[in-house]
Each structure stands twice: as C-alpha cells, then as structure tokens.
Protein chains: 2
Amino acid sequence: MYIPTYQDVLDAHERIAPHIRRTPIRISDHLNDLTGARLFFKCENFQEPGAFKVRGAANAVFGLDAAQAARGVATHSSGNHASCLSYAAMRRGIPCNVVMPRTAPQAKKDTVRRYGGVITECDPSTSSREARFAQVQAATGGDFVHPYNDPRVIAGQGTCAREFIEQVDGLDCVVAPIGGGGMISGTCLTLAALAPEVRVIAAEPEQADDAWRSFNAGYIIADDAPRTIADGLLVPLKELTWHFVRNHVTAIYTASDAEIIEAMKLAWKHLRIVIEPSSAVPLAIILKNPAVFAGQRVGVIVTGGNVDLDRLPWI
Amino acid sequence: MYIPTYQDVLDAHERIAPHIRRTPIRISDHLNDLTGARLFFKCENFQEPGAFKVRGAANAVFGLDAAQAARGVATHSSGNHASCLSYAAMRRGIPCNVVMPRTAPQAKKDTVRRYGGVITECDPSTSSREARFAQVQAATGGDFVHPYNDPRVIAGQGTCAREFIEQVDGLDCVVAPIGGGGMISGTCLTLAALAPEVRVIAAEPEQADDAWRSFNAGYIIADDAPRTIADGLLVPLKELTWHFVRNHVTAIYTASDAEIIEAMKLAWKHLRIVIEPSSAVPLAIILKNPAVFAGQRVGVIVTGGNVDLDRLPWI
C-alpha cells in the first residue's frame, strides 16, 4: 500500500490545474450569527461536473502514460466519481468505462453519457458489480480508478485544502463530510504538511455512521446497506483512507437525516448555493455542537451540488 | 432632475465598500456549449441580503449627513429594496421605515424585520401605499430612498458594472434584467465611462414588457398591474431611469414565463447557484436569441437569490 505524500499533492495540483476550478469561498453573516462561529464555505459544487471528485479523477487520468491512456480508465460508482472520471477522461480524449447499478438515477446516467462515459449496468449488489467490473476491465484494459482508496485520488483531493489554506487565514479547523474518506484523507495529508495546528473534523450521517464507529472501535467497520438522504456517503472506509482517519482526524460527529435536510435548506437560503445532502452534513454537525465551534474560524468543504431539482427532500 | 455621473459611481464605491461584497463570477462550460457564447455570471445573489440593491441602498444610507441619519430612511417596496435598505440602515444604526402591502409574502416581512426595519402595512393599491407612505414620512422625517428613481441609488448600482469590467476582460455586452431600470441605468452610466464599446442589453418578462414597449414608442409606458413569475420586475420606468434606457441601452428582449422558469432551473442545475425568477430573464433571452449572442463574451448580472424554497415554480 503506497501512502501518498504532500509532494504527491503538489504534483497533482500542477497536473490538474488546467482541468479544475480554483473554487471560491462563500460566507454568510447570518449563518455566522446562528452558529457563533466564523464559517468559510469552499464551493467545490462549483467544479464543472459539480463535485470535488474531479480533482482526484483528473489526477489519475492525466497521470497515465500514453500506453495506458490509450486503453482508458474504468470504475464502478453510481455517483459523482463516475461523472467526474468521465469528465476528466473526456478532457484527455480517452475512453472511460463505468459499471453502474441499473437502479441508478437516470440523471446520473445522463451526466456520465454527456461526458462520453460508457455505462455497463449491473444488478444492485456487490457480487454483480464486481463480476461485471472484472469483465469490463478484462475487455477494455482500462486502468481502475477507485473512487477513494487510491493514492492518486487522495493526492488529488488534497489540492482542495491547499487552496483553502491559501484563501483563508488562521483557520482553527476544517470540516468535511466522510463517506469512503477520500476528501478527509486528502485534507489530512495537506494540513499535516501545511498547517498541522488546524484540526480535521469529519461529519457523517447518523444513519451511515460506520466511520464514527470505526474511529471509536479502532478498526474498520463496514455496513452492508446503510440508508440516508446523504447518498454520497454510503460507502465504507478502506485501508488507505483508514490510515488517515485513524492517524490524523481529530473527531467525527454525526447528524440525523432531519438535521441534514434542515442544514441543506439553510445553506440554500443563506449562502444561495445549490448543495447536495451529503454536503450539508458539516453544517448540520456545526449547528448541533455549538460548544465545539463557537468563536472559531471554521473551514467547511462543500463537496458537491448535484441534486434532482424536481425532488427536493424538504418538499 | 440630477443625473448622476461616473464620479458619483466612484464615490459610491468607496462609500459602500465596507458594506457590500465584491461578488464572484461563475461560468459553466455546459451553458456555454448550449448557447454558443462565453457567459460570465456576476453573482449579486451572493450579497449578504441576497440582491444587488444593497449597493444603491448603502450608498444612500451612508451618504446621509448626521442630522438626517438620526431621522433615518423610509421607502415603500415589497421586495429586495425593502430588505436591502433595512440591512444598510441596520449597519449604520439608524431607523428604517418600510411601507409594504399587507399581502406581501411573510418571508419578505420576516427579512425586513430581521434587519431591524419597521413595517407599516398598507392595502395593495397605489393610493393606499402613497397615503400610508406620506403619513410615515411625516411622522418620522425619514429620508425617502426610492427603489430606483434616485441618483444615489443608480450610482450605487453602477458599482457592479465597475467590478465586472475589472474582473472580466473583453466583454462584448452586458445583459441585466429590467424592471424599474435601476440596475440597467447604473450599468449604462459606468460602461459609458469605462467601456463604451460594451453593449448594454436589457431582459424583460413578456408579461411585464412595459420597458420594451416604452423603448419602441419613445416615451414611458406604465402598466397598471402586470403579472409574471419575475416578481422583481413589475414596476415601471421613471424619468431618471428612462433617461439611461433611452440614451444608452442597445436593445431590449423579452421572454415568456415558461422560458424564464426553464432558464432559472438551468442556472440552478449548471451554475449551482440559487437565483430568483427575475434573475433568470437574461439567460432566457440569451437562449432564445442565439444569433445575437453566439461567439460573444457576454456578462450577465445575476441580480438576486431570494426565493421561497418551499414553492419552486417548476414543482
């Protein structure tokens, strides 16, 4: 297992710079009053494909040598990683194969196809997904880019925290959602090198709290099929992300689906940005634990903004 | 009638700088592909009270001498001007009285009160509003800050175009919604001084197209009670804004309510920002008139983002 270093983050940043946006910071005096903290929201939902995952995906895609690039990339994902990998592959002009459950939302499939990704459908089970993926990879020779348990991906995600530290002085902590742990791991990697005094806090849905339980138990606990409105955070930690969570994360807090939905609506109303439920978990845990954050300068990573506008969770 | 000059815009910008945000520019490759243009969206919805009107309101409020400031400001408005004037008055610590129809949405009244504005309700008719407003002004001595037909307000709105020109090189045109014409007038004022080669294009709802008809007729036409989803654009031109529209605006285009709603949803989806219906009219007319905008660098002023999230027009 290769553990990426901060030099990998620097290399990634140079490699992906033409393909990502240096996303802006949003603040709201009203949310500051409400929480008693100074909140800085880094808008990764403003990446062209709508999620931070374009950073890691682009780092993997643009780091391939010519021979491998000709065979393209492959992954399994029903979410933002699939569209971000397709987007990065499209920009390099190489093939991207994605295995998605046939039950994935049509909008997500449409986005992958808009970016030229080729979808192979599987049944919505781990066994079907793995069997299908093995077939696709054997047939295409595509390089497997895991959604998070890949040093190239983690190094790419780490570029976000580097920009954050450049954009906002004196942060006391950075809060990001945790699912598989890719963004949290990249954040730990960068802050350990650049600003080790900044705490890294993970925010997780109560209904998919495997990282919180892993953190407390001291070993990886994976749930079979958690259900939460925060559908980007269903996957478990893997060895590489567990390394960063165990060694660098200060604390993990959880929020209920009702609290996540309320925070999501507050963000839409007062930041006037479109964020997905997974991205509202940090604000939810900040509102829920005022004593932890009051008086502090808090960086919040807004991970994505891909939502079905016809089906909002509060309507 | 005092017609503000570009020096007034410069003075306004210095005066209001501590009270407004220098709003960022959003771009979407997808919307560019869709329109064949290069679109740059200036996010005035990111002002703290959610609309560009804080610029003009703050210029009026912070330009008052001490004696007048002690008596405060007053206005009639059921929309963003009421909350932006209350916000500016709160920041200066002076009274703000607002006459609003009793039928105004509760959310708008709540926002005015959150910023310390005192609401006097009137019946939803011009005669009731004017009678009430005369009473309030007589009782308080508050300085009347008209929502748009006021040189201080127009000079304040002109600061937006100044930032825009600094932020984006080589714009071919700037498109903004037109209601009473305050933002369009400020934009004309600034661009005439700074970049006279940049065309100013106004976007208006088909169902409240009095500015378009005025522009074609050569004199002000005011409608009695137009109805459109773009509820920020119901008011007619007045002499001061008509001066700028008649002399500086290149063209006015209109869009139907259905086209406005579709453009609003597209902006939410691909820019991932929350914008109100009035702010979607520019994108609607750009989508509707591809031949006018194709191949051009187009600045779009996103005027506001105050929407009732429980009642979205496409649901």
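Heads up: these notes are all about the structure in this document. What you are looking at is a predicted structure, and each value in this text was computed from that prediction instead of being measured.

### Examining the relation of the copies chain A and chain B
- Superposing chain A onto chain B takes a rotation of 180° plus a shift of 0.0 Å along the axis, which leaves an RMSD of 0.0 Å. What the rotation and shift describe, once combined, is the action of a two-fold rotation axis. Relative to the rotation axis, the closest C-alpha in chain A is found at A:I273, a distance of 2.1 Å.

### Quick notes on the environment of B:A251
- With respect to the helices and strands, B:A251 occurs in strand β9 (residues 251-255).
- Every residue in contact with B:A251, bar those within four places of it in the chain, is listed here: B:V200, B:I201, B:A202 and B:F215.

### Side note on the side chain of B:E44
- Along the chain, the position of B:E44 falls in the loop between β2 (38-43) and α3 (53-62).
- Not counting the four nearest positions on each side in its chain, B:E44 is found in contact with B:T23, B:G50, B:A51, B:F52, B:R55, B:C160, B:I301, B:V302 and B:T303.

### As for the packing of aromatic side chains
- All chains considered together, the criterion is met by ten aromatic pairs over all chains.
- Taken together, a centroid distance of 5.7 Å and an interplanar angle of 70° make the contact between A:W268 and B:W268 edge-to-face. Note that A:W268 is positioned in helix α12 (residues 257-270) and B:W268 in helix α12 (residues 257-270), a pairing that runs across two chains. Just as A:W268 is buried, B:W268 falls in that class too.
- A ring pair is formed by B:W268 and B:W314, whose centres lie 5.1 Å apart and whose planes are at 90°; its orientation type is edge-to-face. With B:W268 in helix α12 and B:W314 in the segment after β10 (297-302), this pair connects stretches of sequence that are 46 residues apart. Here the two residues B:W268 and B:W314 agree in accessibility, since each one is buried.
- An aromatic cluster of at least three residues, connected via ring pairs, comprises A:W268, A:W314, B:W268 and B:W314.

### Brief notes about the pattern of salt bridges
- What the rule picks out here adds up to 38 salt bridges over all chains.
- Between B:K265 and A:D310 there is a salt bridge whose closest N-O contact spans 2.8 Å. Taken together, the residues B:K265 in helix α12 and A:D310 in the segment after β10 (297-302) connect one chain to another.
- For B:K265, a relative accessible area of 24% gives the class partly exposed.
- Each member of the salt-bridge network shares a partner with another, and the members are A:K42, A:E44, A:R55 and A:E163.

### A look at the sheet that holds strand β4 (residues 96-101) of chain A
Residue and element names in this part refer to chain A.
- Read across the sheet, four strands follow the order β5-β4-β3-β6 without closing on themselves; strand pairing throughout is parallel. Each of the sheet's edge strands pairs with one partner strand only, and the pair in question is β5 (118-122) and β6 (143-144).
- Running at roughly 175° to β4, helix α6 (residues 106-114) makes contact with β4 and β5 of the sheet.

Scoring rules and cut-offs
- Residues numbered from 1 in each chain as written.
- Chains lettered and ligands numbered in written order.
- Predicted model: local features only at pLDDT ≥ 70, side-chain atom pairs only at ≥ 80, totals over all residues.
- Heavy atoms only, no water.
- Least-squares fit on C-alpha atoms with pLDDT ≥ 70 in both.
- Helix = DSSP H or I, 4+ residues; strand = E, 2+ residues; numbered from the N terminus.
- Contact = heavy atoms within 4.5 Å.
- Phe/Tyr/Trp six-rings, centres within 6.5 Å; stacked < 30°, edge-to-face > 60°.
- Buried < 20%, exposed > 50% of the residue type's maximum accessible area, 1.4 Å probe, protein only.
- Salt bridge = Lys/Arg side-chain N within 4 Å of Asp/Glu carboxyl O.
- Pairing = 2+ DSSP bridges.
- Axes fitted to C-alpha atoms, helices over the stretch in contact; angles between N-to-C directions.

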